[in-house]
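Residues per chain are reported as follows:
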Amino acid sequence: MTLHDSVTRTSSAVVGSTDDIVRRAGAVPPLDGFPTLDELAARFARIERDAPGLISSRRVATSRLGEPITMYTIGAGARHHLVVGGVHPNEPIGSWTAVHLAETLCADDELRDRLDATWHVVPSIDPDGGRLNEAWFADPGDRGRYARGFYRPAPDEQVEWTFPTSHKAAYFDRVMPETLGLMRLIDELRPDLYVSLHNGEMGGVYYYLSRPVPELTEALHAVPASLGLPLDTGEPESPFLERYAPAVFGTGTIAEAYDYLESLGVDPAAEIAGSSSSEYASRWGTLGLVAELPYWKHPDADDTSATDESYGDLLRRTGAQMTATGEALADLLARAEPLLTLATPFLRASRAFVPMLVRAGAVDRVRADEPSSARAATVAERFSCEDLVHCFRLRYGGMLLRALEAEAVAGTATAPLRRLAAEAEALWSGWRDAAAAADGAEVIPIASLVGVQYGAVLAAAVHLADAPGERP
Ligand SMILES: [Zn+2]
């Protein structure tokens, strides 16, 4: 974990030009692993101590387990930009992006003046969830170790997806204290730019914008290219999302997701709960930006050449694997349930995600039968679909294992539960080996990932500085 404090200037490109953003993105110093929650808090405390008068902090919420959540405010420009990490606590690239953004804004008067914004940075909105991922933060390149220490909250415990929803039969208002804190911030600041710091896992770089901003495409493509990272031109995360440019998607709304599932003849009620933070922020005309980055890159992620398999056959094949994965985990979970005594976050997540895997496979089979799926699948699509099966097996199998292990650690595991845990471990290890065999992936230096996210934030801020009154 080494991030230098100094910002070196090596070029005279006009501040805010694409060349300048590319240069700044490439100047992120080498980074080793991800900071723990305590290290992140200490880092921000140091930034604040070292830049008196430029940066201030205040408590904006309290986590469910009682941890104070802090926001840091930097500069005094005309616009208000809100940058929030930990919206998915299993996605920590943004921890370094938040640190690097805060440090460079404090150190570089020219940059601060050019962007003319007051920056509000919440390094982690879900410290409780973040702590449950710390086991893999020191060595994030090892996919097996990553998945074995992985924790993603159940959907109704994710800050990102627990904003209020009211659409047709979908209604959600079980807002968590962390989400309520973020809602209050969004309503107080009415930000011009809202960045929720997410990341993906495998493949290439892609982005979400809450509205089309064609002027941003150049920088969003140039920065990853300059760092040797492919764009992800395979499957979008949700098939209904609008594609603004290659690897740039509209954020979409929960109503669109609902209506899409309904159009497929799938009951949306099981899949639709809360809305996203970006959708909530859009009430103020805010531009929402998400930069999704993988830990591992793969040459297939950006290969749009055709395979000899139809898209429909691809969806049928990987959809069947997804269903089989869900059914295997559902069987383990059903046999474990009577033996479990601890209501851990891992168990809550398993109860939510395991049935979702079964349903995801069913949706893929419906999509496979659509006439538009008769075309040839691209290499990138094949890679996305196949890797998603590996990803979900490792993640959700890993979390179920942690639910079982928690009982062993607490001394409450009966002999049958221990045997069941050993069976689950054997299944998961086979999946880990299958994923490794399929691989061909390469670990990306963390500084490059942070550079892409940081560059995207700068590009959006430059655009807003140059387009006063653009708010729709
Ligand atoms: Zn995410």
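Residues numbered from 1 in each chain as written. Predicted model: local features only at pLDDT ≥ 70, side-chain atom pairs only at ≥ 80, totals over all residues. Heavy atoms only, no water.

To continue, consider helix α2 (residues 37–50). In an α-helix, one turn spans 3.6 residues; hence positions three or four apart end up facing the same way. Between the first and last C-alpha of α2 there are 20 Å, a value that for 14 residues agrees with the 20 Å anticipated at 1.5 Å per step. When we look at burial in α2, the residues that qualify are Leu37, Leu40, Arg43, Phe44 and Ile47. For α2, the buried positions fall inside an angular range of 125 degrees around the axis, keeping them on one side. Turned more than 90 degrees away from the buried face of α2, the exposed residues are Asp38, Arg49 and Asp50. Looking at the buried residues of α2, the elements they touch are β1 (55–62), β2 (68–74), α3 (93–107), β4 (117–122) and α5 (127–131). (Helix = DSSP H or I, 4+ residues; strand = E, 2+ residues; numbered from the N terminus. Expected span 1.5 Å × (residues − 1). Buried < 20%, exposed > 50% of the residue type's maximum accessible area, 1.4 Å probe, protein only. Arc of directions from axis to C-beta. Contact = heavy atoms within 4.5 Å.)

With respect to the element layout, Ser278 can be found in helix α10 (residues 277–281). Residue Ser278 is classed as buried on the basis of its relative accessible area, which comes to 6%. Contact partners of Ser278, with chain neighbours within four places excluded, come to Glu160, Tyr194, Ser196, Thr251 and Gly288.

Turning to the packing of helix α8 (residues 217–226) against helix α15 (residues 446–466), a few remarks are in order. Packing of α8 against α15 brings their axes to within 9 Å, and their N-to-C directions diverge by 160 degrees. In terms of orientation, α8 lies roughly antiparallel with respect to α15. α15 is crossed by α8, and the crossing has right-handed handedness. In this structure, α8 uses Ala219, Leu220, Val223 and Pro224 to contact α15, whose residues at the interface are Gly451, Val452, Ala456 and Ala459. (Axes fitted to C-alpha atoms, helices over the stretch in contact; angles between N-to-C directions. Parallel < 35°, antiparallel > 145°, perpendicular 65-115°, else oblique. Left-handed = near helix turned anticlockwise from the far one by under 90°.)

For helix α13 (residues 379–410), built from 32 residues, the straight-helix expectation of 46 Å at 1.5 Å per residue is met to within 8% by its first-to-last C-alpha distance of 46 Å. Among the 32 residues that make up α13, 25 are buried, leaving the element largely enclosed by the rest of the structure. Directly after α13, the chain includes Gly411, whose backbone phi takes a positive value near 80 degrees.

Counting buried residues along β2, five of its seven residues qualify, which places the element largely inside the surrounding structure. Linking two consecutive strands that pair antiparallel, namely β1 and β2, is a turn of five residues; a positive phi of about 95 degrees is found at Gly66 within it. Where β2 and β4 come together, three bridges link them in antiparallel fashion. Across the sheet, the residue bridging to Thr73 is His120, located in β4. (Pairing = 2+ DSSP bridges.)

For the structure shown, the criterion picks out zero disulfides. Here Cys385 stays free of any disulfide, with the sulfur of Cys391 as its closest cysteine sulfur at 13 Å. Among the residues examined, Cys385 registers a relative accessible area of 9% and is labelled buried. (Disulfide = S-S within 2.5 Å.)

For the rest of this paragraph, the subject is the coordination of the zinc ion. Perfect tetrahedral coordination of a metal by four donors corresponds to 109.5 degrees between them, and perfect octahedral coordination by six donors corresponds to 90 or 180 degrees. Of the protein atoms, only His88 (ND1), Glu91 (OE), Glu91 (OE) and His198 (ND1) coordinate the zinc ion, at distances of 2.1 to 2.5 Å. Given four donor atoms and angles of 56 to 150 degrees at the metal, the environment of the zinc ion is assigned as irregular. Going along the chain, you hit the donors of the zinc ion in the pattern H-x2-E-x106-H. A residue pair is termed long-range when its members are at least 10 positions apart, and Glu91 in the loop between β3 (79–84) and α3 and His198 in the loop between β7 (193–196) and β8 (202–203) qualify at 107 residues. The pair Glu91 / His198 is uniform in exposure class, with both members buried. (Donors = N, O, S within 2.8 Å, 3.2 Å for Na, K, Ca; no water. Tetrahedral: all angles 85-135°; square planar, octahedral: opposite > 155°, others 65-115°.)

Looking at the assigned domains, one finds that the chain contains domain 1 (3–298 + 444–465) and domain 2 (302–440). Domain 1 and domain 2 are separated by 26 Å when their C-alpha centres are compared. Counting residues at the interface gives 33 residues for domain 1 and 39 residues for domain 2. On the domain 1 side of the interface with domain 2, the three residues burying the most area are Arg148, Glu235 and His298, jointly 24% of the side's total. Counting the contacts that link domain 1 with domain 2 gives six salt bridges. When the shortest N-O distance is used, the salt bridge between Glu425 and Arg148 registers 2.9 Å. Inspection of the domain 1/domain 2 interface yields 10 residue pairs in polar contact (both at pLDDT 80 or more). (Domains from an automatic or database assignment. Buried area = accessible area lost by both parts, 1.4 Å probe. Salt bridge = Lys/Arg side-chain N within 4 Å of Asp/Glu carboxyl O. Polar contact = N/O pair within 3.5 Å; in protein donor to acceptor, adjacent residues only side chain to side chain.)

Turning our eyes to something else, we now look at the packing of aromatic side chains. In this description, a pair of aromatic rings is defined by centroid distance and the angle of the planes. By the definition in use, this model includes 19 aromatic pairs. Centroid distance Phe44 to Tyr72: 4.8 Å. Interplanar angle 35 degrees. Geometry classified as tilted. Residue Phe44 is located in helix α2, and its partner Tyr72 is located in strand β2; the two are separated by 28 residues in the primary sequence. With respect to class, Phe44 is no different from Tyr72; both count as buried. Relative to Tyr208, the ring of Tyr206 lies with its centre 5.9 Å away and its plane at 85 degrees, an arrangement referred to as edge-to-face. Ring-pair connections join several aromatic residues into one group, and the members of that group are Phe34, Trp136, Phe137, Tyr146, Phe150, Tyr295 and Trp296. Sitting above the plane of the Trp296 ring, Arg143 keeps its charged end 5.7 Å from the centroid. The ring of Tyr280 has Arg283 sitting right over it, with the charged end atom 3.8 Å from the ring centre. (Phe/Tyr/Trp six-rings, centres within 6.5 Å; stacked < 30°, edge-to-face > 60°. Lys NZ or Arg CZ within 6 Å of the ring centre and 35° of its normal.)

Okay, the sheet that holds β4 next. Strand pairing in a sheet takes place through backbone hydrogen bonds and is either antiparallel or parallel in direction. Here nine strands make up an open sheet; going across it, the order is β1-β2-β4-β3-β7-β12-β9-β11-β10 and the pairing mixed. The open sheet has two edge strands, β1 and β10 (243–245), and neither has a second partner. Mean inter-strand twist for the sheet, computed between neighbouring axes without regard to direction, equals 25 degrees. Two elements, β3 and β4, share six bridges in a ladder whose sense is parallel. Across the sheet, residue His80 finds its bridge partner in β4, namely Thr118. Those strands touched by α15 are β3, β4, β7, β9 (206–209) and β12 (287–292), and its axis lies near 160 degrees from that of β12.

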